[in-house]
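# Coordinates in review
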Amino acid sequence: MTPGSSTVRVLVVGGGIAGLVAARRLALGGRDVTLFEASDRLGGQVARHTVGGIDLDAGAESFATRRGTVADFAAQLRLGDDIVPPAELPAWLYRVDGTAKPLPATSVLGIPGMALAPDVVDAIGLRAAMRAQLELLLPSFIGSRSATIGELVRRRMGSAVVEQLVDPVVRGVHSTSADELPLDRAVPGLRAALLRDGSLMHAVRGMRAAAPAGSQVAGIRGGIVRLVDELTTDLQRFGVEIRLNSPVSEVTSDGLTVGGERLVGQVLVAASGVGDSDPDSSAPARRITVITLVIEQPELDAAPRGTGVLVAAGAPGVTARALTHLTVKWPWLAERSGGLHALRLSYDSDVIGLEASHALDLAPADAATLLGMPVGRVVDAASVTWERSAPRTHAVDGMHYVGEADAGTGLAAVIGQAEAEAEALLAEDRPD
Ligand SMILES: Cc1cc2nc3c(=O)[nH]c(=O)nc-3n(C[C@H](O)[C@H](O)[C@H](O)COP(=O)(O)OP(=O)(O)OC[C@H]3O[C@@H](n4cnc5c(N)ncnc54)[C@H](O)[C@@H]3O)c2cc1C
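Residues numbered from 1 in each chain as written. Predicted model: local features only at pLDDT ≥ 70, side-chain atom pairs only at ≥ 80, totals over all residues. Heavy atoms only, no water.

## Regarding the domain arrangement of the chain
Many authors give the size of an interface as the accessible area that is lost as the parts come together. When the domains of the chain are assigned, the result is domain 1 (9–46 + 226–283 + 392–428), domain 2 (104–212) and domain 3 (286–388). Its C-alpha centre places domain 1 at a distance of 35 Å from the equivalent point of domain 2. (Domains from an automatic or database assignment.)

## Looking at the nonpolar core
Judged by nonpolar contacts, the single largest core of 40 residues is most densely connected at Val12, Ile17, Leu26, Leu35, Leu227, Leu268 and Leu411. The set of elements that each furnish at least two residues to this core consists of strand S1 (9–13), helix H1 (17–28), strand S2 (32–36), helix H2 (69–76), strand S11 (217–220), helix H10 (226–237) and helix H16 (411–428). Setting aside its immediate chain neighbours within four residues, Leu35 contacts Val12, Gly14, Gly15, Gly19, Leu20, Ala23, Leu42, Leu235, Val240, Glu241, Ile242 and Arg243. By size, the runner-up hydrophobic cluster in this structure holds 37 residues, among which are Ala115, Ala128, Val169 and Val170. (Core = buried A, V, L, I, M, F, W, Y, C linked by side-chain atoms within 4.5 Å. Buried < 20%, exposed > 50% of the residue type's maximum accessible area, 1.4 Å probe, protein only. Helix = DSSP H or I, 4+ residues; strand = E, 2+ residues; numbered from the N terminus. Contact = heavy atoms within 4.5 Å.)

## What about the sheet that holds strand S15 (residues 261–264)?
Two modes of strand pairing occur in sheets, parallel and antiparallel, and in both the strands are linked by backbone hydrogen bonds. Taking strand neighbours across the sheet as the criterion, the 3 strands line up as S13-S14-S15 in an open arrangement whose pairing is antiparallel. Since the sheet does not close on itself, it has two edges, and those belong to strand S13 (248–252) and S15, each with one partner. On average, adjacent strands in this sheet sit at an angle of 20° to one another, irrespective of strand direction. (Pairing = 2+ DSSP bridges. Axes fitted to C-alpha atoms, helices over the stretch in contact; angles between N-to-C directions.)

## Some words on the site of the ligand
In the vicinity of the ligand there are 33 residues, among which Glu37, Gln45, Ser62, Glu404 and Leu411 approach most closely. Ile17 places a polar main-chain atom, nitrogen or oxygen, 3.2 Å from an oxygen atom of the ligand. In this structure, an oxygen atom belonging to the ligand sits 2.7 Å away from a side-chain N or O atom of Glu37. Its free accessible area being 1,000 Å², the ligand has 85% of it covered by the protein chains. Listing elements by their share of the shell around the ligand, those giving two or more residues are H1, strand S17 (286–296) and strand S21 (377–388). Split by residue class, the shell around the ligand holds 16 nonpolar, 12 polar and 5 charged. When residues of the shell around the ligand are assigned to domains, at least three fall in each of domain 1 (9–46 + 226–283 + 392–428) and domain 3 (286–388). (Near = heavy atom within 4 Å. Polar contact = N/O pair within 3.5 Å; in protein donor to acceptor, adjacent residues only side chain to side chain. Areas by Shrake-Rupley, 256 points an atom, 1.4 Å probe, with all protein chains shown as cover. Nonpolar A, V, L, I, M, F, W, Y, C, P; charged D, E, K, R; others polar.)

## So, the pattern of salt bridges
Under the definition given, this model contains 24 salt bridges. Its salt-bridge partner being Arg156, residue Glu135 comes within 2.6 Å of it at the nearest N-O pair. Here Arg156 lies in helix H5 (residues 149–157) and Glu135 lies in the loop between helix H4 (126–133) and H5, a separation of 21 residues in the sequence. Here Glu135 falls in the buried class, since its relative accessible area comes to 0%. Its salt-bridge partner being Arg392, residue Asp276 comes within 2.6 Å of it at the nearest N-O pair. Linking Asp276 in the loop between strand S16 (266–269) and S17 with Arg392 in the loop between S21 and strand S22 (400–401), this pair joins segments that are 116 residues apart in sequence. With a relative accessible area of 13%, Asp276 lands in the buried category. (Salt bridge = Lys/Arg side-chain N within 4 Å of Asp/Glu carboxyl O.)

## Observations regarding the sheet that holds S16
The 5 strands are arranged S12-S2-S1-S16-S22 in an open sheet whose pairing can be described as parallel. With one partner strand each, in any of the chains shown, strand S12 (241–243) and S22 form the two edges of the open sheet. One ladder, built from 3 bridges, connects S2 with S12; its direction is parallel. Each residue of the ladder has a partner; that of Leu35, found in S12, is Ile242. Packed onto the sheet, H1 meets S1, S2 and S16 and runs at close to 165° relative to S2.

## Some details on a nonpolar patch on the surface
A cluster of nonpolar side chains, Leu116, Leu126 and Met130, forms an exposed patch at the surface whose accessible area comes to about 290 Å². Structurally, Leu126 is set in helix H4. (Patch = residues over 30% accessible without salt bridge, like charges linked within 9 Å, V, L, I, M, F, W, Y side chains within 5 Å.)

## Things to note about the pairing of S16
Alternating positions in S16 separate into two faces, Gln266 and Leu268 on one and Val267 and Val269 on the other, with burial throughout. Looking at chain direction, S1 and S16 are connected through 4 bridges and run parallel. Counterpart to Leu11 in the pairing with S16 is Val267. Note: S16 against S22, 2 bridges, orientation parallel. Bridge assignment links Leu268 to a residue of S22, and that residue is His400.

## Comments concerning the pairing of S17
In terms of burial, S17 is a largely internal element, 8 of the 11 residues being buried. Bridge analysis of S17 against S21 gives 11 bridges, and the strand direction is antiparallel. Each residue of the ladder has a partner; that of Val294, found in S21, is Asp380. Strand direction decides the pairing type here: S17 and strand S20 (residues 341–348), joined by 8 bridges, are antiparallel. Bridged to Ile291 within S20 is Leu345.

Below you can see the structure in the form of structure tokens.
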């Protein structure tokens, strides 16, 4: 490779959001890019499906607004005017005692910013709220070395806050428990903010104040999948060669093998399970099944449980771990749904050994329990099972990695890291 050459070939493995973002950045930097995608479509966990005649996101349906990463990127893709906030309604919690309460308003990943706020006391009870309030008296180093978000919150605020607030939110967002989610992946910067601000509650309030005005998440009118549509347009425009149905079987730092053919070039891995130095020791991917129900029931117009319901571990009579009331959460979607309601229920397939067809059977009753009212006529239903990447534990020296296994879950983390890693690769052979 010639330093500074504009014809250095880069081989990108994986056509999910991470691979698409990195390929675009590399092509803009003058690289000759070929992208290999194992399946017959681009987008990975960002995809579209039509249920009951309504076009819906089948995977990711929102993004975190922190640091403006996704919104800035979407603007580069000509989608800036279509970024929309969700409805200003709370999400709810379905609790171990079988009752449902709105999630406290001032919180980050369920961690309350004001333990004695009425909505916190209502959600966890006065005794647990008073225990949480005591964290203001603890020195800031207590819990600051915690490995997981669960450990941090338990040490500073007590178990009730973990079990009744943080864990249901973590399960809903990250498909894992608070005691398994590494702290720095859960809320990047929280550890440093705790030490700087002196308490967890002050750190949470500081993060909330620093976030862009409005909600912690946003969507795109027409669906998150429009990111994939626009990225694909750009890759075609910038001359990226896209090879679908092309599973890469082997990667090294100077090339890869696909369909028995060996190709030479710089490699950027954007797929979990590819390029591990020790594949046998990697944690398996987790499977989640998403059931979408399209329902005819005018009573749901009243949004009985806001934008949706997160389920506490051990809550009775429900197998789903979260319900999203899509047509309440996204007003643009309600405008296009002809009065029908779209509900999404998420199931941890591995935890409960659940087959997708079984989840489809359970979903209407789970929806009724979580919404606190019978569900009406199910017009249509769909089931999609996804694999969520486990963190990569064994990287090969000198190889470039992007995507969920390396950046953490979620579009904000994935897009930010893919852009940064592609820039790093470009800088490697840029003349000084
Ligand atoms: C149901 C669901 C809801 C979600 N909701 C949200 C949300 O609301 N907000 C949010 O921010 N995030 C959400 N996420 C998470 C977010 O979608 C992901 O973190 C992100 O899309 C991951 O992108 P990625 O490119 O790293 O991985 P992926 O999307 O998994 O892409 C990897 C790609 O690599 C391909 N591949 C694999 N092996 C090979 C190989 N050997 N050769 C070639 N190609 C290969 C795969 O086919 C795939 O296309 C959700 C995810 C799911 C499943």
